[in-house]
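# Descriptive structure summary
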Amino acid sequence: MSSVQAPGPVWVLGAGLVGTYLGGRLALAGCQVHFIGRRSFGETLAAHGLTLTDLDGFQGRLDTVSWHTTLPAEGEPALVLLCVKSADTAGAARQLAERLKGGSRVLSFQNGVDNMGTLRANAPELIAVAGMVPFNVSQPAPGRLHQGTSGALLADNDASLQAWQGVFSRAGLPLHLRDDMAAVQWAKLLLNLNNPINALSGLPLREQLLDRDWRACTAALMEEALAVLDRAGQSLARLTPLPPAALPTLLRTHNWLFRRAAARMLRIDAQARSSMADDVARGRVPEIDALCGAVVRLGRRVGVATPRNALMVSAFLSTERPQRSAQAWRRTLESALS
Ligand SMILES: NC(=O)c1ccc[n+]([C@@H]2O[C@H](COP(=O)([O-])OP(=O)(O)OC[C@H]3O[C@@H](n4cnc5c(N)ncnc54)[C@H](OP(=O)(O)O)[C@@H]3O)[C@@H](O)[C@H]2O)c1
């Protein structure tokens, strides 16, 4: 049975783009939300307030938020939203394990397929619940977070989350519970294989997706991942109108056909970029290991070669990346990914 009354406070650990957007929407809907993030972002929000917008015209504003740079010493959360990047999961899990009572629920809204294992290994007494954010969040101006694409949040069909569904819905964040979150996470990872290509292109997502040659680079990564997943017997949830196996063909198709067939995929704000592109722009290590790296690791386990995804991992970790132009990358990719 869903309710519109939040069962208790929400803590957002890793309040960056996604965490602050989700927590902000919940706070606007009346939830008590504590944000745990970096001092610099807290100062930005203190100076500018938090404005939340979405592509359907939603606009909400919080003049102040409850910001912490470490886990609050007082109180207990009814739900923790874990929103750090994958490389920070182990550290965040250890912090939670030290502070929270056994049995506390931690809902991960991270991309990638390994975070549940990392969370459980580092915080075995807590209950780790897998979630998935299908949309993109960017910061077009200080303190303004914008949801640039659409879709419902997905999470494990954990009994405790039923009490939160009404709350998320009232916050404008429909939450659907599923029994196949591993298949959801792998299907999301498949879509996220466009992130490194988007970052290397230097283009906004929509413009990059409307370029057939860049799309072919993404298709090449997906084909390799699909071969690995097929050999591993890993099923994929259908997150798009077309089944996952048809995505490479769709991406390789002519622009006129792609525009028609992928109308929903193209419902993106003109300026939206992948979060990996933001990381690259900010000089941060991108989440490449959690995406292409996961394909390479599974490929190794099941005996399928993954040179294309391996190329992406090495490209993003190489010191050459910032020096090379998008066109130089495209030439490398076209010859390596063909
Ligand atoms: N952005 C999107 O559009 C989007 C969409 C769907 C899913 N996702 C996924 O959501 C997750 C978060 O992405 P994001 O774009 O929101 O990342 P983000 O903006 O980098 O937010 C994470 C924030 O958490 C901070 N942090 C890391 N460890 C912390 C700790 N122990 N305590 C407090 N703060 C900590 C990070 O600080 P530092 O900067 O110092 O590392 C960063 O400010 C990723 O797995 C991503 O793939 C993102």
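Being a predicted model, the structure only gives us computed values, none of them experimental. (Residues numbered from 1 in each chain as written. Predicted model: local features only at pLDDT ≥ 70, side-chain atom pairs only at ≥ 80, totals over all residues. Heavy atoms only, no water.)

### A short note on the domain arrangement of the chain
For the chain, the assigned domains are domain 1 (10–179) and domain 2 (184–337). The centre of domain 1, based on its C-alpha atoms, is set 25 Å off from the matching centre of domain 2. When domain 1 packs against domain 2, close to 1900 Å² is buried across both sides, 48% of that on carbon and sulfur atoms. Contact with domain 2 buries surface across domain 1, with Lys85, Asn111 and Val113 losing the most and accounting together for 31% of the total. At the junction of domain 1 and domain 2, the tally comes to two salt bridges. The closest approach of N and O atoms between Lys85 and Asp279, which form a salt bridge, is 2.6 Å. Summed over the shared surface of domain 1 and domain 2, the result is seven residue pairs in polar contact (both at pLDDT 80 or more). (Domains from an automatic or database assignment. Buried area = accessible area lost by both parts, 1.4 Å probe. Salt bridge = Lys/Arg side-chain N within 4 Å of Asp/Glu carboxyl O. Polar contact = N/O pair within 3.5 Å; in protein donor to acceptor, adjacent residues only side chain to side chain.)

### Some details on the sheet that holds strand E3 (residues 50–54)
As summarised here, the arrangement of the four strands in space is E4-E3-E10-E9, forming an open sheet in which the pairing is mixed. The open sheet terminates on both sides in strands that have one partner only, identified here as strand E4 (59–62) and strand E9 (137–141). With strand direction ignored, the average angle separating the axes of adjacent strands in the sheet is 25°. Relative to strand E10 (residues 144–147), E9 runs antiparallel, the two sharing three bridges. The partner of Ser138 across the bridge, within E10, is His146. On the sheet, helix H1 (residues 17–28) packs against E3, E4, E9 and E10 and is oriented at approximately 95° with respect to E3. (Pairing = 2+ DSSP bridges. Helix = DSSP H or I, 4+ residues; strand = E, 2+ residues; numbered from the N terminus. Axes fitted to C-alpha atoms, helices over the stretch in contact; angles between N-to-C directions. Contact = heavy atoms within 4.5 Å.)

### What about helix H2 (residues 39–48)?
Turning to H2, its buried residues number three or more, namely Phe41, Gly42 and Leu45. Buried residues of H2 fall within an arc of 105° about the axis and therefore sit on the same side. Structural note: H2 exposes Arg39, Ser40, Ala46 and Ala47 on the side pointing more than 90 degrees away from its buried face. Contacts made by the buried residues of H2 are with H1, E3, strand E5 (66–68), E9 and E10. Just downstream of H2 lies Gly49, where phi reads positive at about 70°. (Buried < 20%, exposed > 50% of the residue type's maximum accessible area, 1.4 Å probe, protein only. Arc of directions from axis to C-beta.)

### Observations concerning the packing of helix H7 (residues 194–201) against helix H9 (residues 212–232)
Two numbers describe how H7 lies on H9: the axes approach to 9 Å, and their chain directions differ by 150°. With respect to their mutual orientation, H7 and H9 come out roughly antiparallel. H9 is crossed by H7, and the crossing has right-handed handedness. Of the residues in H9, those touching H7 at Asn194, Pro196, Ile197, Leu200 and Ser201 are Trp214, Cys217, Thr218 and Leu221. Partitioning the contact of H7 with H9 into residue classes produces six nonpolar, three polar and no charged. (Parallel < 35°, antiparallel > 145°, perpendicular 65-115°, else oblique. Left-handed = near helix turned anticlockwise from the far one by under 90°. Nonpolar A, V, L, I, M, F, W, Y, C, P; charged D, E, K, R; others polar.)

### Structural notes on the site of the ligand
Surrounding the ligand, one finds 24 residues, the nearest of these being Val18, Gln95, Val137, Arg284 and Glu287. Within the backbone of Leu17, a nitrogen or oxygen atom sits 3.0 Å from an oxygen atom of the ligand. One nitrogen or oxygen atom from the side chain of Arg38 is found 2.8 Å from an oxygen atom belonging to the ligand. Expressed as a share of its isolated accessible area of 890 Å², the protein-covered part of the ligand is 89%. When grouped by side-chain class, the residues that make up the shell around the ligand number ten nonpolar, eight polar and six charged. (Near = heavy atom within 4 Å. Areas by Shrake-Rupley, 256 points an atom, 1.4 Å probe, with all protein chains shown as cover.)

### As for the pattern of salt bridges
Under the defined criterion, the tally for this structure stands at eleven salt bridges. The closest approach of N and O atoms between Arg308 and Glu223, which form a salt bridge, is 3.6 Å. In this pair, Arg308 sits in helix H14 (residues 307–317) while Glu223 sits in helix H9, placing the two residues 85 residues apart along the sequence. Note on Glu223: relative accessible area 30%, which makes it partly exposed. It is possible to trace a salt-bridge network through shared partners that takes in Lys85, Asp279 and Arg284.

### A look at the side chain of Asp54
Looking at where Asp54 falls in the secondary structure, it is placed in strand E3. For Asp54, the side chain forms a polar contact with the main-chain nitrogen of Phe58, separated by 2.9 Å. Setting aside anything within four residues of it in sequence, one finds Asp54 in contact with Tyr21, Arg25, His146 and Gln147.

### Some words on the environment of Asn255
Within the secondary structure layout, Asn255 lies in helix H11 (residues 255–261). Given the relative accessible area of 30%, Asn255 is considered partly exposed. Along the chain, Asn255 and Asp180 lie 75 residues apart, while their C-alpha atoms are 33 Å from each other. Contacts of Asn255, omitting those with residues within four sequence positions, involve Leu210, Asp211, Arg212 and Arg215. At 3.2 Å, the side chain of Asn255 and the backbone oxygen of Leu210 are in polar contact.

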